[in-house]
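The primary structure of each chain is shown beneath.
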Amino acid sequence: MSTVNELLSQARRLPDGEPAKIRLNEQAISLADQGNDLGLQYKSRIALVEAAAFSGHPEKVLVNFGWCIAQCEKFPEQFPLPDILWKYKYVIACAVGFHSISRETLEQLLTNMHRHYEQAGFSLRPVHYMRAHMHLYAGEFEDCLQQLQISRGLEKDRFADCSACEVNFIVTALVALKRDQEAIQAAQPLLQGNEGCAEVPHLTFAALLSSTSRLGNKELGTLLLTSGYQLIRSNPEFLYQIGLQMQYCAEQALIDTGLERLQSHCDWLLASMDPGGRLQFQMGAAMVLNKALQQGQTSLVLRLPNSFALFNPAGEYSTQQLCEYFSQQALMAAQGFDQRNGNRYYQLQLAENLA
């Protein structure tokens, strides 16, 4: 029989999103609980929090993270609070992306983060940064900028995001506010290659596309579309950004490119556990198909996965039927987020994009 550490070691070797990774961590928790070893119970739950946060299982994240925080409070010498503070960021980011997680739960997470950062004596910069993150993805852009300004006025310590990530966040917020020239100006360190990290400028290039579209800057838009795609084309974690690329293709009537993105990455959509990414992809697909209809393309030949709901072995599809399918899927996701956030931001965005 495997030990807890052996199970955790096996799990670590698997990529994020692999179902077996979750299963192995849960087996480790069960075994640790049977042995009533508090250290192994904590270690195995922390491992599951990390695996679940990057695999689309927010309920598993919240339950086990809450348990770990409780141990930090009960046994601070054995489980120092600072060791877990960084994890608040990806726990909250995960929860924000799932409309099944209530606004009340998000607010409580942020309140707890504030209390624990303050208790441990660290800067509250990440707390306001994550509150800005919540407001951004709720369509509350002015509140987002206010929290971001507070964050940037506070000390930057080891729990702050890297400079490239912070620039990306500012750019994304400015794009959402349609302050397009400011967004492009703020993105210059990333556009010029002076800053970057594992996910930036990947995220930024996709976010900026709508600004270039509104400004009519086709030269920059083409650069962001092509070079940005090279950065994200092989990683399913960028489903959201593929969706933004398809939306740009629809806006610029680049139908062939948009359809190529759809058929190349539809398998990502079907495998994804990320409602936010799925919504942007579905919206982008609906927009491209709607534009194709407007230009008289009533039927299409596409290579779509066998597991796709409307799969046709012959590869022949009604453009209208595909458009209605993706529009309806996007609408259901938009309604879920809007109900959680208490507004109609995503539904109005979808209606505007498909007008």
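These figures come from a predicted structure and were not determined experimentally. (Residues numbered from 1 in each chain as written. Predicted model: local features only at pLDDT ≥ 70, side-chain atom pairs only at ≥ 80, totals over all residues. Heavy atoms only, no water.)

### Some remarks on the side chain of Arg261
And step 1. Within the secondary structure, Arg261 is located in helix α16 (residues 255-271).
And step 2. At 2.9 Å, the side chain of Arg261 and the side chain of Glu260 are in polar contact.
And step 3. Excluding anything up to four places from it in sequence, Arg261 contacts Leu225, Tyr229, Ile242, Gln245, Met246 and Phe281. (Helix = DSSP H or I, 4+ residues; strand = E, 2+ residues; numbered from the N terminus. Polar contact = N/O pair within 3.5 Å; in protein donor to acceptor, adjacent residues only side chain to side chain. Contact = heavy atoms within 4.5 Å.)

### With respect to the pattern of salt bridges
For side chains bearing opposite charge, pairing can occur when the charged atoms are close.
And step 1. Tallied over the full model, the rule gives 16 salt bridges.
And step 2. The partner of Lys21 in a salt bridge is Asp16, and the shortest N-O contact between them spans 3.1 Å.
And step 3. A salt bridge links Arg261 to Glu260, with the nearest nitrogen and oxygen atoms 2.9 Å apart.
And step 4. If you follow the salt bridges from partner to partner, you end up with Arg103, Glu107, Arg131 and Glu140 in one network. (Salt bridge = Lys/Arg side-chain N within 4 Å of Asp/Glu carboxyl O.)

### Regarding the side chain of His265
And step 1. If you trace the backbone, His265 turns up in helix α16.
And step 2. Apart from the residues lying within four places of it in its own chain, the contact partners of His265 are Tyr229, Arg233, Leu239, Ile242 and Phe281.

### Topic: the packing of helix α13 (residues 202-215) against helix α14 (residues 218-232)
And step 1. Closest axis-to-axis distance for the α13/α14 pair is 9 Å, and the angle between their directions is 155°. In terms of their interaxial angle, α13 and α14 are classed as roughly antiparallel. In the packing of α13 onto α14, the handedness of the crossing is left-handed. Seen from α13, the contacting residues are His202, Phe205, Leu208, Leu209 and Thr212; seen from α14, they are Leu220, Gly221, Leu224, Leu225, Ser227, Gly228, Leu231 and Ile232.
And step 2. Residue composition of the contact of α13 with α14, by class: eight nonpolar, five polar and no charged. (Axes fitted to C-alpha atoms, helices over the stretch in contact; angles between N-to-C directions. Parallel < 35°, antiparallel > 145°, perpendicular 65-115°, else oblique. Left-handed = near helix turned anticlockwise from the far one by under 90°. Nonpolar A, V, L, I, M, F, W, Y, C, P; charged D, E, K, R; others polar.)

### Some remarks on the layout of surface pockets
And step 1. Here the second largest pocket is characterised by a volume of approximately 150 Å³.
And step 2. Forming the boundary of the second largest pocket are Leu8, Ala11, Arg12, Asp16, Lys21, Asn25, Lys43, Ala47, Glu50, Ala51 and Phe54.
And step 3. The biggest single contributor to the lining of the second largest pocket is helix α3 (residues 38-53), with four residues.
And step 4. Tallied by class, the residues present in the lining of the second largest pocket amount to five nonpolar, one polar and five charged. (1 Å grid on protein atoms, 1.4 Å probe; cavity = no way out; pocket = protein on both sides within 12 Å on 5 of 7 lines; lining within 4 Å. Points joined across faces, edges and corners; volume = space filled by probe spheres on them.)

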